[in-house]
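In case you want the letters, here they are:
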Amino acid sequence: MDTIISATGICKTYKLGQSTLEVLKGLDLSVNEGEFVAIVGASGSGKSTLLHILGALDKADAGNVRYKQRDIASFSQKKLNLYRNGSVGFVFQFYHLLDELNVLENVLLPAMAKHGTIGWFSHKKSIKARAMELLHRFGLADRIKHRPYQLSGGERQRVAIARALINQPKLLLADEPTGNLDSETGNGILKVLEQLNGDGQTVIMVTHDDNIASRGHKIIRLADGKIV
Amino acid sequence: MLKRRITILAIASIALCVFITLVVMTVHNGIVNEFKGKNHRFAGDCVVSTDSLVGFTYYEDFLAELRAKPFVFAAAPAIKSFGLLNQPGSDINIGIEITGIEPGEFSRATGFGKTLYYNRLQPQDAFAHNYDKNLPGCVVGIIMMQGGTDKSGKYHHSSFRSRYEFSISCFPLTAKGALAKMSTGLVNSKTFIYADDSHTQIPKVDSKMIYIPFHFAQKLCGMDGPDKRVNAIHIKFAENTSVSEGTEKVKALWQSFLQKNDDKKYANLLQNVTVQKWTDFRRSSIAPMEKEQTMLLMLFIMLGFITVFIIFVVFYMIISHKSKDIGILKSIGISAISIVNIFLAFAFLVGAIGSLVGAVCGWAFVSKANDIEAWLFEEYGWQLWDRSVYAIGAIPDQVQINVVTLIVISAVAASLLGALIPSIQAARKTPVEILQVNQL
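Residues numbered from 1 in each chain as written. Chains lettered and ligands numbered in written order. Predicted model: local features only at pLDDT ≥ 70, side-chain atom pairs only at ≥ 80, totals over all residues.

(A) A look at the overall build of chain A. When you go through chain A residue by residue, the secondary structure sums to 6 helices and 10 strands. Across the 228 residues of chain A, 46% fall into the buried class. A fraction of 74% describes how many contacts in chain A between residues 6 or more apart in sequence connect residues 24 or more apart. (Helix = DSSP H or I, 4+ residues; strand = E, 2+ residues; numbered from the N terminus. Buried ≥ 20, exposed ≤ 12 C-beta atoms within 10 Å, placed from the backbone. Contact = placed C-beta atoms within 7 Å.)

Encoded structure:
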C-alpha cells in the first residue's frame, strides 16, 4: 500500500507567557492508504496538535509533513486551502457546525467553497445528490432542514462526518470524535468510521480512550510528545 | 447572520446615526439656506453702494449704462439713511432706517414686492393709499408696525388699511458731507401715510426699516441738488448670468465709468463706491450663520468619526462572536480573502439596510416635522421655538437628495471600514488558533 501521509521530525512548542511548552518532540509517523489509524495518548500528550498539523490547521515548528510525497510546508496559501478543502476531511470533537445553516447547507459548505459561485451552479445537482446520499447513509435524511442546535450530539457528529466527506477526501482526520458523546452514541460514530474505512477511506482518529483506539487497525501511542 | 439580534442592533445603530445626521443637516442647512435666500431677496444679486451717507453722484448715467446691458435684468437706485420717526400727537421719536425707492423697479431688482402684504401683486403701487392724496405713502417694516407675531408665528392684517400717519425727519447732508441746514432747523421732516408693511423675515430689517418714495427720500436727505446722489444701486442679473459672472462685469463697467468721470465735480464720491455680490453686501448678517454652519460641519465630522468607531466596535463584536465560524470556514479550506469578502458583504448589507432605514425614517420625519409640531402646538401648546421671538416661519422640510446620498454612502463606507480591520484580523489567524480558543 502507498503511503498517503507521513510526518518526519515534527516539533511543536507553545509559548505560555514566559515559559514554553514542548508538545511534540521530533515525532515521526507514516500512514498508508486505506488504514484506520488510532492515535492514543493522555490529555496533553500532543495527539490533537499532531492531527492539526497533519490537516494543515496548524504549522509545525520543525519537521515536515508529506501528503502523497509532497511537502505541505511548500504549499502556497491557495494550495493549502485546496488541501484542507479536498484532500483531507476534518471531524472535530465539538462538531463545529455553523448554527445559521441547516444540516444540508452545513454538509454542502465545503463543496460550495471548492466550486466557487459560478462552478457551484453547474455542479449543484450532483453535489446535492451526494450530500443527500451521505445524509441518508448516516440516518439523517429526515433532518436535512434542521439546524445543528435541533440535533442530538450523535446526529451533529454524523453531520460533521458527512461534511468532511462531501468533497471525497482521501484522508479523514477525526479528533476525539466520540469525546463529547455517551458510549452508545459514540459507538454508533465509530461504526460509521469503520464502515467508511471498510469502503477504502483512510482514517486517522485521535482518542484518549484505549477501548476506542482498539477499533483502529493500527494504534500509535503518544506520550510526552513522542511515539512510544 | 442577518437575523441575529446583534446584527439587528447594528442595523438599528446605523439607522439611528443616519436618521440623526439627516434630520440635523436638513434642518440646519434649511435654516441657513432660507436665511441666505431672504438676504438674497432683500439685496438683489449685486449692489453698487457706498457706506457714506453722502452717497455718490452720476448714478443716473451709470444706471443708463447698466440697463443697456443684456446681462442686467433690472437695476434700481436706493437712498439709504437714518432718521427719526414720530407719530403726530406723540412726543416719542424712534430711530429708524430709511430706504427711498422706486417700488416698481426696486421690486424687479430685489424681492421687495414679495415682502408686501396689500400690494404684493402690484408692487409698483406699494406707496398707494386711500387717504389724504397730498401725503405720500410709506411701507413700514412689519415688526415695527405690529410689534411681533402671535404664538403661532402669524401676523394679522385687517382687510382694510387703517390710517396711520408718520412724520419722518432726516439730517440732510451736502455733497461735501456737511449738514445742509446748519443755519435753519437742521432736519428735514415729512409726513407719510401707512400704505403697506414689508415682511422680509430678517428681524433687523423688519424692526427698523421704513420705505418711502425715492424722490421724497432724496429730498429729505439733501441728495436732490443739481448733482443728485444715491447710496446704492441694486441689480438683478438676467437668468443666464450667474451672480459671480454678473458682478465681475459690473465691476469692470464701474471701473470704466470711474475713468470717464474722474475729472468731474464730486468725482471723489465715486471712489468710495464698491461693487459687491449680495453675499458680500450682506456679509455681516450671513457670516455668523456660515460660521455656525462650519462649526456644525466640524461637529458632524467628529460625529462621523464616532459613528465609524461605533460601527467598528459593533462589527468587531459581531466578528469576534463569529470567530468560531471563521475557524470552521478556514478548516474546510475557505481562503482568508473569501472570509474577508463574506464579512464585507455582510457589512455592506448591514450598512445599506441600516442607512436606508435611517434615511427613509429621517425623510419621513423631516417632511412631517411641521405637521407634528403643529399638532403638538394645537394639542399641548408645545412649540419647538416661539415664533413670536424667532423669525423662522417653519422647520425646513426639504430633504436634499445629494445630502441623503452623501450620508448613505458615508454610512455604508463606515460599515465597510468598521468591518474591514476585524475581519482581516480574524481571517489572518490559523484555524486552530480560533477553534481552540472557542473550544476553551
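(B) Structural detail: the confidence of the model for chain B. Averaged over chain B, the pLDDT score is 86; the fraction of residues at 70 or greater is 94%. Of the two predicted TM-score estimates for the complex, the pTM is 0.70 and the ipTM is 0.90. (pLDDT = per-residue confidence, 0-100.)

(C) Summary view of unusual backbone geometry. Residues and elements named next belong to chain A. A positive phi angle is found at E176, which is not glycine, with a value near 45°. Inspection of the secondary structure puts E176 in the loop between β7 (171-175) and α5 (183-198). Its identity is not glycine, yet D224 carries a phi of approximately 55°, on the positive side. Tracing the backbone shows D224 in the loop between β9 (218-223) and β10 (226-227). For D224, a count of 14 C-beta atoms within 10 Å translates into the label partly exposed.

(D) Examining the pairing of strand β8 (residues 209-213) of chain B more closely. Residue and element names in this part refer to chain B. For β8, the tally of buried residues reaches 5 of 5 residues, placing the bulk of the element in the interior. Alignment of strand β5 (residues 137-141) against β8, held across 2 bridges, turns out to be antiparallel. Among the inter-strand pairings, V140 is bridged to a residue of β8, identified as I210. (Pairing = 2+ DSSP bridges.)

(E) Main features of the interface of chain A and chain B. With 15 residues of chain A at the contact, the number on the chain B side is 13 residues. Counting only elements with at least two residues in the side of chain A that touches chain B, the list comes to α2 (77-87) and α3 (103-137) of chain A. Counting residues per element, the side of chain A that touches chain B draws most heavily on α2 of chain A, which supplies 4 residues. Taken together, the residues of the side of chain A that touches chain B break down into 8 nonpolar, 4 polar and 3 charged. (Nonpolar A, V, L, I, M, F, W, Y, C, P; charged D, E, K, R; others polar.)

(F) Examining helix α2 (residues 59-67) of chain B more closely. All names here are of chain B. Those residues of α2 that fall on the buried side of the exposure criterion are Y59, F62 and L66. Projected down its long axis, α2 carries its buried residues within an arc of 65°, all on one side. Of the exposed residues in α2, the ones pointing more than 90 degrees away from its buried face are E60 and A64. Contact partners of the buried residues in α2: β2 (56-57), β3 (72-86), β9 (229-230), β10 (232-237) and α8 (243-261). (Arc of directions from axis to C-beta.)

(G) Region of the structure containing the packing of helix α11 (residues 283-321) of chain B against helix α14 (residues 401-428) of chain B. Residue and element names in this part refer to chain B. Closest axis-to-axis distance for the α11/α14 pair is 8 Å, and the angle between their directions is 40°. Put simply, α11 runs oblique to α14. Crossing of α11 against α14: the hand is right-handed. Along the contact surface, α11 presents G304, T307, V308, I311, F312, V314, F315, Y316 and I319, while α14 presents S410, A414, S415, L417, G418, A419, P422, S423 and A426. Across the contact of α11 with α14, the residue classes break down as 12 nonpolar, 6 polar and no charged. (Axes fitted to C-alpha atoms, helices over the stretch in contact; angles between N-to-C directions. Parallel < 35°, antiparallel > 145°, perpendicular 65-115°, else oblique. Left-handed = near helix turned anticlockwise from the far one by under 90°.)

(H) Looking closely at the pairing of strand β3 (residues 36-41) of chain A. All names here are of chain A. A large share of β3 lies buried, amounting to 6 of its 6 residues. Every second residue of β3 is oriented toward a common face, with F36, A38 and V40 on one face and V37, I39 and G41 on the other, all of them buried. Bridge count for β3 against strand β8 (residues 202-207) is 5 bridges, and the pairing is parallel. The partner of V37 across the bridge, within β8, is I204. Note: β3 against β9, 5 bridges, orientation parallel. When the bridges of β9 are listed, G41 appears paired with L222.

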